[in-house]
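# Structural overview
Given next are the chains, with one letter for each unit.
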Amino acid sequence: MPSHPIGAIGTYWATQRHATPEDVELMQALANATSLTIENVGFQKDLERRVIERTLDLERTNQELEAFSSSVSHDLRNRLNAILGFSSLLEMQASPRLETAQQGHIHTIRDCASQMKQTISDLMTLVHAGRQEVETGLIDVSVLAQQSVADLRKGSALPDAEVQITPCLTAYGDAGLLRLALDNLLSNAFKYSSKQQHPKVVIGASPTAPADKVQLFIQDNGAGFDPRYADRLFKPFVRLHDESEFPGTGLGLTIVRRALERLGGSTSAESQLGIGTTFRITLPSQPMRAAAPASIAAELL
Ligand SMILES: Nc1ncnc2c1ncn2[C@@H]1O[C@H](COP(=O)(O)OP(=O)(O)OP(=O)(O)O)[C@@H](O)[C@H]1O
Ligand SMILES: [Mg+2]
């Protein structure tokens, strides 16, 4: 209740009379309720102004952090390139004079520098996936998957896996983010089935998805993993396979989850050790609003 008056309420009656105590009580209650409403409106406007100010502050801080992390990553990459370059030179020039163990040390330096470079690059991809503009439309997922497979085959020495892609799979999403998710899921499928005699990767859709959703799957017949850890895999740096057997940074599935969340989708995994793995991704089948950009700090902490 305000301590000072902010207005007055009066009444007119058809015939002249004094207000009864009940009339006064009623009018006082009306006055109190009105003044409270006026105060609340002011309070709400103030609150809205403060929320807008805070949002702008946060947006500015995020932009500064992004600029900072991209210049730090640039700087780190330059130094790592120098480490890689000079250790190569050292290896070439000094190799004949070095003992096997010393040559091994140089290899370890090079491997660590390469891994660190990859981790920095994946972290930047993760930041970007959470912040980039989302332009949704109906996407031909089958074509996107074919392009992804072709590029993955070009980019690295993948085993000659049999790939089956169901034609005409469609979903609503952003082509860039969807491609990012498919690249990571397919590179996993190839990587973790690379030691099989006949590696096979299948991409299809589940017929039982609800009408407003599309459920796609990416299945391989590779090494698999212990299904008890299926949920943990989407967290940063969680790896269930040994680096020496299947190298990686442990950020691929975090990128997948983040990309799909921006599109209003989700992902899950099923697996059996030594039998194979199926990743399912659920996406809207109709247009929907993209999720707001997310903070990288929330992801990594
Ligand atoms: N298709 C798969 N089959 C078996 N295990 C898998 C598969 N996909 C993911 N995993 C397990 O989940 C872990 C996390 O996967 P994620 O893609 O995030 O990282 P990564 O493949 O190790 O490295 P990178 O960041 O380079 O992709 C992997 O280390 C692996 O143990
Ligand atoms: Mg991976």
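These numbers come from a predicted model, not from an experiment. (Residues numbered from 1 in each chain as written. Chains lettered and ligands numbered in written order. Predicted model: local features only at pLDDT ≥ 70, side-chain atom pairs only at ≥ 80, totals over all residues.)

Attention shifts here to the overall build of the protein. Counting secondary structure elements, the protein contains 6 helices and 7 strands. Of the regular secondary structure in the protein, the N- to C-terminal order runs α-α-β-α-β-β-α-β-β-α-β-β-α. Its C-alpha radius of gyration of 30 Å places the protein more than 25% over the 19 Å reference for a compact globule of 301 residues. Overall, the C-alpha framework of the protein stretches about 115 × 50 × 35 Å when taken along its three principal axes. For the protein, the residues scored as buried account for 22% of the 301 residues in total. (Helix = DSSP H or I, 4+ residues; strand = E, 2+ residues; numbered from the N terminus. Rg over C-alpha atoms; globule rule 2.2 N^0.38 Å. Buried ≥ 20, exposed ≤ 12 C-beta atoms within 10 Å, placed from the backbone.)

Turning to the sheet that holds strand β7 (residues 276-284), a few remarks are in order. Consider a sheet: its strands pair through backbone hydrogen bonds, and that pairing is either parallel or antiparallel. Strands sit in the order β2-β4-β5-β7-β6 across an open sheet of 5 strands; the sheet is mixed. For this open sheet the edge positions go to β2 (162-165) and β6 (266-272), each flanked by a neighbour on one side alone. On average, adjacent strands in this sheet sit at an angle of 10 degrees to one another, irrespective of strand direction. One ladder, built from 7 bridges, connects β6 with β7; its direction is antiparallel. By the bridge assignment, glutamate 270 is partnered in β7 with threonine 278. (Pairing = 2+ DSSP bridges. Axes fitted to C-alpha atoms, helices over the stretch in contact; angles between N-to-C directions.)

Assigned domains within the protein: domain 1 (1-131) and domain 2 (135-300). Taken over C-alpha atoms, the centre of domain 1 sits 28 Å from the centre of domain 2. If you look at the interface, domain 1 gives 12 residues, while domain 2 gives 14 residues. (Domains from an automatic or database assignment. Contact = placed C-beta atoms within 7 Å.)

Moving on to the nonpolar core. The biggest cluster of nonpolar side chains holds 40 residues, and the ones touching the most others in it are Ala181, Leu185, Leu186 and Ala259. Of the residues forming this core, the biggest block, 10 residues, is contributed by helix α4 (residues 175-193). Looking at which domains feed residues into this core, each of domain 1 (1-131) and domain 2 (135-300) supplies at least three. Residues contacting leucine 186, with those up to four places away along its chain left out, are Ala145, Ser148, Val149, Leu152, Val201 and Ile218. (Core = buried A, V, L, I, M, F, W, Y, C linked by C-beta atoms within 7 Å.)

Where strand β4 (residues 200-205) and strand β5 (residues 213-220) come together, 5 bridges link them in antiparallel fashion. By the bridge assignment for β5, isoleucine 203 is matched with isoleucine 218. Of the pairings in the sheet, the one linking β5 to β7 comprises 8 bridges and is antiparallel in character. Note that in β7 the partner of glutamine 215 across the bridge is threonine 282.

What follows concerns unusual backbone geometry. The general pattern is negative phi for most residues beyond glycine and trans for most peptide bonds. One non-glycine residue with positive phi stands out, namely cysteine 168, at about 60 degrees. Of note, the phi angle at phenylalanine 237 is positive, near 65 degrees, even though the residue is not glycine. Tracing the chain through its elements places phenylalanine 237 in the loop between β5 and α5 (252-262).

The next point concerns the site of ligand 1. In the vicinity of ligand 1 lie 22 residues, with Tyr192, Arg239, Leu240, Gly248 and Gly252 positioned nearest. Those elements that place two or more of their residues in the shell around ligand 1 are α4 and α5. For the shell around ligand 1, the element with the highest residue contribution is α4, accounting for 4 residues. (Near = placed C-beta within 6 Å.)

Next up on the list: helix α1 (residues 21-94). Look at α1: 105 Å from first C-alpha to last across 74 residues, which is about the 110 Å you get at 1.5 Å a residue. Among the 74 residues in α1, 0 count as buried, and that is only a small part of the element. (Expected span 1.5 Å × (residues − 1).)

The next point concerns the packing of helix α3 (residues 141-155) against α4. Helix-helix packing is described using two parameters, namely the angle between the two axes and the distance between the axes. In the contact formed by α3 and α4, the axes pass within 9 Å of each other and the chain directions differ by 55 degrees. Taken as axis vectors, α3 and α4 run oblique relative to one another. As for the relative orientation of α3 and α4, their crossing is right-handed in sense. Contacts between α3 and α4 involve Val141, Leu144, Ala145, Ser148, Val149 and Leu152 from the first element and Ala175, Leu178, Arg179, Leu182, Asp183, Leu186, Ser187 and Phe190 from the second. In terms of residue class, the contact of α3 with α4 is made up of 10 nonpolar, 2 polar and 2 charged. (Parallel < 35°, antiparallel > 145°, perpendicular 65-115°, else oblique. Left-handed = near helix turned anticlockwise from the far one by under 90°. Nonpolar A, V, L, I, M, F, W, Y, C, P; charged D, E, K, R; others polar.)

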